[in-house]
Structures are given as structure tokens and as C-alpha cells.
Amino acid sequence: MSLFVKKPLDKLLNEAAELGEHTLKRTLGSGALLALGIGAIIGAGIFVRTAAAAGNHAGPGVMISYIIAGIGCAFAGLCYVEFASMIPIAGSAYTYSYATMGELVAWIIGWDLILEYALGAACVAIAWSEYLNKLCEYYFGFTVPYALCHSPFQISQTGVHGIINIPAVIILGILSAVLIRGTKESANVNSIIVIIKVIIVLMFIAFGWHFIMPENHAVIIPDNTGETGIFGWSGVLRGAGIVFFAYVGFDAVSTAAQEAKNPQKGMPIGILGSLAFCTILYILFSYVLTGIANYKDFSVTGPGHEAAVAYAIQQYMPGYGWFAGLITIAILAGFSSVILVMLLGQSRVFYSMSKDGLFPKSFSEVHPKFKTPAKANMWLFVLVGFFAAFVPGDIVGDMTSIGTLFAFILVSAGVIIMRKTNPDTPRPFRVALVPLIPILGILVCGFMIFGLGWENWSRLIAWLLIGFDIYLMYSLRNSHYADPATDSKKGKLISLIGLGTAALLLAMTCFHYAKDLGELFSSYKSEEAFFYFVMGFAALHFIGFGLNYLKKRAA
């Protein structure tokens, strides 16, 4: 059935070799790819998610969380390198899945990658807004009004409600314009920013080391509070899922494979090199940060919840007030480079999906002068800007982590499948110990997904249901590999899959709220709005997919 048709490997390799007016320019060398990976990794993860994971879940044990996340990334990273060097074309995990597991799985992973790249860019833009406020406060004595730099779902300690995050939207607009201008120019800007922020991180580690208070590390893993994921070892695992957001950058390098001068050489250097370098920095950084300030300062209700690094320097490093201002500037630059890479990665995924007919043609139209997918970048700005403006950063960040982990699982599985289906295809880089390494990647990433908790599982499943809606209404009929003769069968199968997914979400929600179901249905409780939304959303899709299945079956 063409629903599971695979994109031929020889066609992928021909696309990678294409030259001409409507193709992407090969302008990125190994150094630029390495800088691209480091630029994506060192950003929101190290400056924001470290404190969030420590304050709310892992305590100083966030160091162990980074080690767990790094191990999962190492296994998945090896799989990414094999695919990226073998299939050097834009699209990352989407492209790899199309070649190994067929169109439906490719659609699922392509849709999931929006969580990784687009929502990742939104999360960093929200953090950029927080640190901009710190900068304005430190140098100019004012801050952006709370209502204009927070989402409608956030309330300040003084009772002020957020309305829209304007600074986050502004930085997204500026960087989208930079990307439209050209990839080479974007990479050059990124390389400069990478050098600056790596120096700043090293300075923080060096200066902060002298202010570490041993009592802050007296207990590395605080006792569990009785709730799963709130400290204890379950909190360390939950922390690993949260800080995993910090690693979304290294695989973004693979989305630029079609623009690499020598992908067979550049991909392994860019992906594994940036991963190894940044993992070491993460562990050192988290050790210093949780040693300078007590992890409780970084909790949701703590004074260091926003702009945690600047807070720690100002409060616990006397004589280094000047460094707080300097590091805030560097952090803003670092966040900018992360947003740049995330937007770059997502626009290239849109480009690849559009080239296959799964998205409208406008997403793959290349600008005649700049040779970039300009329209894809414009639509992406609208999507990312919406999330940055109206959704809290913690929610967006967790959705990014679970989307990334899901993508890594599929890529790891793809390596095993590809070794069986295409054993003779040239592989400039081969993963050792297959299937052991990919299986370990699947298991570690799966454990981290488990640690992220029920709400994030629900958000992922709801996002996949929306993807099934679009696939059924548009992509199934417009795919370049579509077969009108089997449209009814394909529609019936996707409806059945959507029906089962919606049923899973309903069952999972009822199980989670099993003790309170009677009370929740007998009277509305505003504090459980998420429960009512998920139940309504799942029920609507269950009915919709069920009716569509019966309609296709009767046809």
C-alpha cells in the first residue's frame, strides 16, 4: 500500500547531487557545521533549562541528568551521523524515515520535528525576552511591563496577568529576515556568536568556581517529595528529559546536509564534535551553578526562576556585578544563534516535505536571488511567533524535549531497518555494534520520555492527532507517491490509526484521573481545565475518525 511507500534511496542521492537555480547552495564547510551544532546546543539549555530542572526536579543531581541525556544523545547521534553522511539531503529525521520506514512514518516524524525545531525556537525566544528584561534593568533602569513580555497563562507575584510576549516575537522576526537573506550569511553570523558565548561560559565556570559553597552540594539528589518526578531518582530522570532540550541542536546540523560542501566529512565532525564539546561544558556549568546558589532559588516560586544565571552572579558573586551585565549580553547573543539554527532546521524540513507533496508547494519555493526557502521562513515565523507570544516557556520547552526524544527513537530504529533493507549502500560512517547501539538509544530516549510525565505524553499524542488530520485532508492526496486507485483503502487505514490514537489518549487520561473521575464529571473544576480540554479534544477526534472510517468502509 502506497501509504507505506518508501522514497527510493537513489532518488534521494540524485536530489542531493542536484545543482541549479531551484536548489540549495552548498556553502557550509566542516568548521561552519561544527559551529552550527555548538551554536544550537549552547543556549537555552545551559542558561535556562539547567536552573529549571535543578529547582523543580533534580536539585544538584541535574549534573547526573545531563549525563543521562548525553548518553542518549551519543547513541542517537551516531545513528544521525550514519544517515546524514549516507543521505546528504535537507530534511533530517524526516528524510531518513521516508527512506527506511515509508511515507506514513515519515509524515509522523516530519510533523513531530515541528515540536523540536519550531517550538524549540519559540522556547528560546521566550528566554531571550526574560534576559532582555534583565539587561534593561541592569543598564537602563527599566523593564518591559509584565503584561507585554509574558503569556496570558502567566501571573506575576503581584497579581499582574500576562497578555503577549512582544520581545520574543520581535527577535523571531529579525532572525527570520536574516535567514531569508541567505544561509551562508546566517552561518557567518552564527560562527561569531558561537566564539563569544563559549568564552563567556568558560569565564562563568572559571570565576564561579571560587564561589562554590560546599553545603549546596552536601546532598546531590534531594529526597523525593512523594510525587513522581519531584526530586529523588525519578526527579533526576525527569530532569534528564527537561535538559534534553539542550541537545536539540546537534541534530539540526543534519538538516543542512544538502548545503554542506563535503557532507561525508562534515557531518560526523559537525554532529559528534559539537555533542562531545558541549556535554563537557554542560556538566561543568551545572556543577558551578548549583554550587554557587541553592537549587531552591531556581524553583517556580524562587527568586531566581527567570534569568537564573544573572541572578546567581548578582546575589552570590560579590564584586562581579559587571560580569552579570556582560554575561546577559552574551546570553542574548547565544539565544539568538540558537533561534537562528532552529528556524534554519525547521524551514529545511518544510522544504523537504513540500518537495514530496506533503506540504503545499510554496514551502519549497526557493527565492530567485537569495536561494533560500523564503516563503517557508515566513510561514514559520507566523507559527513560531504564535507560540512565543501566547504559551509559557516551560510548556513549550517540555514539548520540544518530548518531540526531540521521539524523533531520536525513530532515527535509531531507522538505522536497524536500513542495515536490513539496504545492506550494500555505501556508508562513509558506520555505527558500530548494530543493533546494540540503536537499541540502547531507543531505550534511553524512551526512559526520558517516560520521565517527562503524563501531561507531556498527552500533548505529544494531541499533536500527532492534529498531524493525522492534515495528512488525511491534504497530504495523502497530494503526495508525489499517491495512488488514486488506493485512496479509499489508505483513508480507511489512517482513520483507523487516528481512531486508535484518540482512544489511547482517552484511556490514558481516564487512568491518570481515575480517583477523581466521578467528581470531575459531576461538577466543573476550573483548576483542572487541562483535563476537560484533553477529554474533549480526544473525544472529538475519536468520533471524527470513527465516522470517517465508517464512511470509507461503506464506499
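Quantities reported herein were computed from a predicted structural model and do not represent experimental measurements. (Residues numbered from 1 in each chain as written. Predicted model: local features only at pLDDT ≥ 70, side-chain atom pairs only at ≥ 80, totals over all residues. Heavy atoms only, no water.)

Some points on the overall build of the chain
Reasoning step 1: Broken down by element type, the chain carries 20 helices and 0 strands.
Reasoning step 2: Put simply, the chain has 555 residues, and 60% of those count as buried.
Reasoning step 3: Sequence-distant contacts, at least 24 apart, represent 81% of the contacts inside the chain between residues at least 6 apart.
Reasoning step 4: In the form shown here, the chain has an accessible surface area of approximately 21,100 Å², with 68% of it arising from carbon and sulfur atoms. (Helix = DSSP H or I, 4+ residues; strand = E, 2+ residues; numbered from the N terminus. Buried < 20%, exposed > 50% of the residue type's maximum accessible area, 1.4 Å probe, protein only. Contact = heavy atoms within 4.5 Å. Areas by Shrake-Rupley, 256 points an atom, 1.4 Å probe, with all protein chains shown as cover.)

Concerning the packing of helix α7 (residues 166–181) against helix α13 (residues 321–355)
Reasoning step 1: It is at 10 Å that the axes of α7 and α13 come closest, and there the two elements cross at 60°. Viewed along their axes, α7 and α13 adopt a mutual orientation that is oblique. Seen along the crossing, α7 lies across α13 with a hand that is right-handed. Touching Ile 171, Leu 172, Leu 175, Ser 176, Val 178 and Leu 179 of α7 are Ser 336, Ile 339, Leu 340, Leu 343 and Leu 344, all from α13. (Axes fitted to C-alpha atoms, helices over the stretch in contact; angles between N-to-C directions. Parallel < 35°, antiparallel > 145°, perpendicular 65-115°, else oblique. Left-handed = near helix turned anticlockwise from the far one by under 90°.)

Some details on unusual backbone geometry
Reasoning step 1: Of note, the amide linkage connecting Val 434 to Pro 435 takes the cis form, showing an omega dihedral of 15°.
Reasoning step 2: Along the polypeptide, Pro 435 turns up in the loop between α15 (393–421) and α16 (436–451).
Reasoning step 3: Even without a glycine there, the phi angle at Phe 231 is positive, about 65°.
Reasoning step 4: Within the secondary structure layout, Phe 231 lies in the loop between α8 (183–209) and α9 (232–243).
Reasoning step 5: Residues other than glycine seldom take positive phi values, yet Leu 433 does so here, at roughly 55°.

Concerning the nonpolar core
Reasoning step 1: In terms of nonpolar packing, the biggest core is built from 168 residues, with Phe 47, Tyr 94, Tyr 131, Phe 204, Val 309, Ile 339 and Leu 343 touching the most fellow members.
Reasoning step 2: By residue number, the principal contributor to this core is helix α6 (residues 103–140), which donates 25 residues.
Reasoning step 3: With residues near it in sequence (within four places) discarded, Leu 343 still touches Ala 121, Leu 172, Leu 175, Ser 176, Leu 179, Asn 377, Leu 380 and Val 384. (Core = buried A, V, L, I, M, F, W, Y, C linked by side-chain atoms within 4.5 Å.)

Structural notes on a nonpolar patch on the surface
Reasoning step 1: On the surface, Tyr 138, Tyr 139, Phe 140, Phe 142, Trp 322, Leu 326 and Ile 329 cluster together into a nonpolar patch covering about 710 Å² of accessible area.
Reasoning step 2: Every element with two or more residues in the nonpolar patch is listed here: α6 and α13.
Reasoning step 3: Structurally, Phe 142 can be placed in the loop between α6 and α7. (Patch = residues over 30% accessible without salt bridge, like charges linked within 9 Å, V, L, I, M, F, W, Y side chains within 5 Å. Salt bridge = Lys/Arg side-chain N within 4 Å of Asp/Glu carboxyl O.)

Quick look at the packing of aromatic side chains
Reasoning step 1: One pass over the full model with this rule turns up 35 aromatic pairs.
Reasoning step 2: Look at Tyr 524 and Tyr 532: their rings are 4.8 Å apart centre to centre, the planes differ by 35°, and that puts the pair in the tilted class.
Reasoning step 3: Residue class for Tyr 524 comes out exposed when judged on its relative accessible area of 59%.
Reasoning step 4: Here Tyr 532 falls in the partly exposed class, since its relative accessible area comes to 22%.
Reasoning step 5: The rings of Trp 107, Trp 111, Phe 350, Phe 359, Phe 363, Trp 379, Trp 463 and Tyr 471 are connected pair by pair, giving a single aromatic cluster. (Phe/Tyr/Trp six-rings, centres within 6.5 Å; stacked < 30°, edge-to-face > 60°.)

Here we look at α7
Reasoning step 1: Helix length check: α7 (16 residues) gives 23 Å between terminal C-alpha atoms against 22 Å at 1.5 Å per residue, within 8%.
Reasoning step 2: Those residues of α7 that fall on the buried side of the exposure criterion are Pro 167, Ala 168, Ile 171, Leu 172, Leu 175, Ser 176, Leu 179 and Ile 180. (Expected span 1.5 Å × (residues − 1).)

What to know about the packing of α6 against helix α17 (residues 454–478)
Reasoning step 1: Relative orientation of the contacting elements α6 and α17 amounts to 125°, with a least axis distance of 10 Å. Overall, the two elements α6 and α17 adopt an arrangement that is oblique. Crossing geometry of α6 relative to α17 is assigned as right-handed. Of the residues in α17, those touching α6 at Glu 103, Leu 104, Trp 107, Ile 108, Trp 111, Asp 112, Ile 114 and Leu 115 are Leu 460, Trp 463, Leu 464, Ile 466, Gly 467, Phe 468, Ile 470, Tyr 471 and Ser 475.

Notes on the side chain of Asn 216
Reasoning step 1: By secondary structure assignment, the location of Asn 216 is in the loop between α8 and α9.
Reasoning step 2: At 2.8 Å, the side chain of Asn 216 and the backbone oxygen of Gly 291 are in polar contact.
Reasoning step 3: Engagement of the side chain of Asn 216 in a polar contact is seen with the backbone oxygen of Ile 292, the distance being 3.5 Å.
Reasoning step 4: In contact with Asn 216, other than residues within four places in its own chain, are Pro 60, Thr 290, Gly 291, Ile 292, Ala 293 and Asn 294. (Polar contact = N/O pair within 3.5 Å; in protein donor to acceptor, adjacent residues only side chain to side chain.)

Some thoughts on the side chain of His 57
Reasoning step 1: By the secondary structure assignment, His 57 is in helix α3 (residues 44–58).
Reasoning step 2: A polar side-chain atom of His 57 sits 2.8 Å from the main-chain carbonyl oxygen of Gly 229.

Observations concerning the pattern of salt bridges
Reasoning step 1: Enumeration over the complete set of coordinates arrives at 5 salt bridges.
Reasoning step 2: Between Lys 375 and Glu 365 there is a salt bridge, and its shortest N-O distance comes to 2.8 Å. Placement of the pair is Lys 375 in helix α14 (residues 374–390) and Glu 365 in the loop between α13 and α14, with a sequence separation of 10 residues.
Reasoning step 3: By sharing partners, the salt bridges in this structure join Arg 49, Asp 394 and Asp 398 into a single network.

So, the environment of His 57
Reasoning step 1: Taking the relative accessible area as the measure of exposure, His 57 reaches 8% and is therefore buried.
Reasoning step 2: Separated by 168 residues in the primary sequence, His 57 and Thr 225 place their C-alpha atoms 9.9 Å from one another.
Reasoning step 3: Contact partners of His 57, with chain neighbours within four places excluded, come to Ala 52, Gly 229, Ile 230, Phe 231, Gly 235, Val 236, Arg 238, Gly 239 and Ile 242.

With respect to the environment of Arg 348
Reasoning step 1: By secondary structure assignment, the location of Arg 348 is in helix α13.
Reasoning step 2: Spatially, the C-alpha atom of Arg 348 lies 8.6 Å from that of Ser 364, the residues being 16 residues apart in sequence.

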